[in-house]
Amino acid sequence: MTNRTGRIATASVATASAIVLSACGILPVGTASAPTVPTTQAAPTASATVEPASLTEAVTRGNLLGHLQALQAAADSNGGNRQAGKPGFEASIDYVEAQLKEAGYTTQRQEFSYERQTPDGATERVTTANLLADTAGSEDGTIVIGAHLDGVAGGPGINDNATGVAAALETARQFAALAVQPTHRVRFAFWSGEEDGLYGSHHYVRELADPQRTAAYLNLDMIGSPNAVPSVYGDGEGWADGSEVIEDLLVDYLTAQGTPPEMVFFEGSDHLPFAEAGIPVGGLYTGADEHKSRGEAVRHGGTPDAPADPCYHLACDRTDAIDADVLELMADALAHATLTLSTRP
């Protein structure tokens, strides 16, 4: 996540949402860098009806942690980071793409370039790529699920943002493993250049022939914070109609799991270009270097007056520092919302 602006967290009130579900198939691919190979269930027939619990149960903690371990290994083997344009990022995008292809997806790398300042004040040209993978379904009303795959130069970037990548990737895999047949196409997007200024998501939105064919964008950025404040993006000022639908879906699901979330408002992540294009947006977040309030500690546990993630943008942002329970909960919320939105009439 880039530096945030205008963050305000408040307690949220749940509202009811009706859910109609059906489901598509995925197997993982093992790589030399992955300490743990995620697993999938045997795929049912394409006509099978999938209950909501079947998808969220298929998105397991073990599989999520397997993805984190693979991305940690990508950083550890390549200078300790996964920065855009650097070898750690290339190892990361190779891992995610291999997982998607093994699951049966056709992938696309969307290349772009930008300039970045180096620590010594020089300017370097960065050439990198977003990674995209689509389900079946109508392109009218496309649901985009996005997480930035790059990290900062100073650490492996596991909470920020291998956690978001793991949730999006595992949702994609289990969509396929359960043979989801969505009414509306789901596009799983893994952005580059986020930490340098949201370059990947800005490039993607600029390249859209018709932004209004995108019905919703859901963003995952930092969803496993060790001193977590489980949060849902609030319907921000000027956001497109329909953003409140995403908000309500996520709030209702988390509340039903016994974790009424906070509401969060900020612009420093990949939902911003979509919001500026008039596309309904929403997302999940558990906190960066902002301090947990005493009220948030009462509602969610943890340590008050301490950062949600003390390793934000640091070398200690590693797999062993995240909260696996929170990551699994937020990944389940994503899976639930993705299935609900994509199977609407």
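Let me sum up the structure you'll find in this document. Everything quoted here is computed from the prediction, not taken from an experiment.

Let us now look at the overall build of the protein chain. The secondary structure content of the protein chain amounts to 9 helices and 9 strands. Within the protein chain, the proportion of its 345 residues that are buried is 59%. Within the structure as shown, the protein chain displays about 12,600 Å² of accessible surface, and the carbon and sulfur contribution to it stands at 50%.

With 8 of 8 residues buried, strand S5 (residues 184–191) lies mostly within the body of the structure. Where strand S3 (residues 123–134) meets S5, 4 bridges bridge the pair, whose relative direction is antiparallel. Bridge assignment links Asp134 to a residue of S5, and that residue is Arg187. Pairing analysis gives 7 bridges linking strand S4 (residues 138–148) to S5, with the strands arranged parallel. Of the residues in S5, the one forming a bridge with Val144 is Arg187. At this point the chain moves from S4, through helix H4 (residues 158–177), to the parallel S5, and the crossover so formed is right-handed.

A word on the environment of Thr2. Mapped onto the secondary structure, Thr2 falls in the segment before strand S1 (10–11). Classification of Thr2 as buried rests on a relative accessible area of 13%. In this structure, Thr2 is in contact with Glu194, Glu195, Gly197, Leu198, Gly268, Ser269 and Tyr312, ignoring residues within four places of it in sequence.

With that settled, consider the pattern of salt bridges. In the structure shown here, the tally under the stated rule is 17 salt bridges. A salt bridge links Glu124 to Lys86, with the shortest nitrogen-to-oxygen separation between them at 3.7 Å. Of this pair, Glu124 sits in strand S3 while Lys86 sits in the loop between helix H2 (61–76) and helix H3 (87–103), and the two are 38 residues apart along the sequence. By relative accessible area, which is 30% here, Lys86 ends up partly exposed. Here the salt bridges do not stand alone but share partners, grouping Asp134, Glu139, Asp140, Arg185, Arg187 and Arg213 into one network.

What counts, and where the lines are drawn
- Residues numbered from 1 in each chain as written.
- Predicted model: local features only at pLDDT ≥ 70, side-chain atom pairs only at ≥ 80, totals over all residues.
- Heavy atoms only, no water.
- Helix = DSSP H or I, 4+ residues; strand = E, 2+ residues; numbered from the N terminus.
- Buried < 20%, exposed > 50% of the residue type's maximum accessible area, 1.4 Å probe, protein only.
- Areas by Shrake-Rupley, 256 points an atom, 1.4 Å probe, with all protein chains shown as cover.
- Pairing = 2+ DSSP bridges.
- Right-handed = clockwise from strand over helix to strand, strands pointing away.
- Contact = heavy atoms within 4.5 Å.
- Salt bridge = Lys/Arg side-chain N within 4 Å of Asp/Glu carboxyl O.

It is worth stressing that arrangement in space is one thing and function is another; only the former is reported here.
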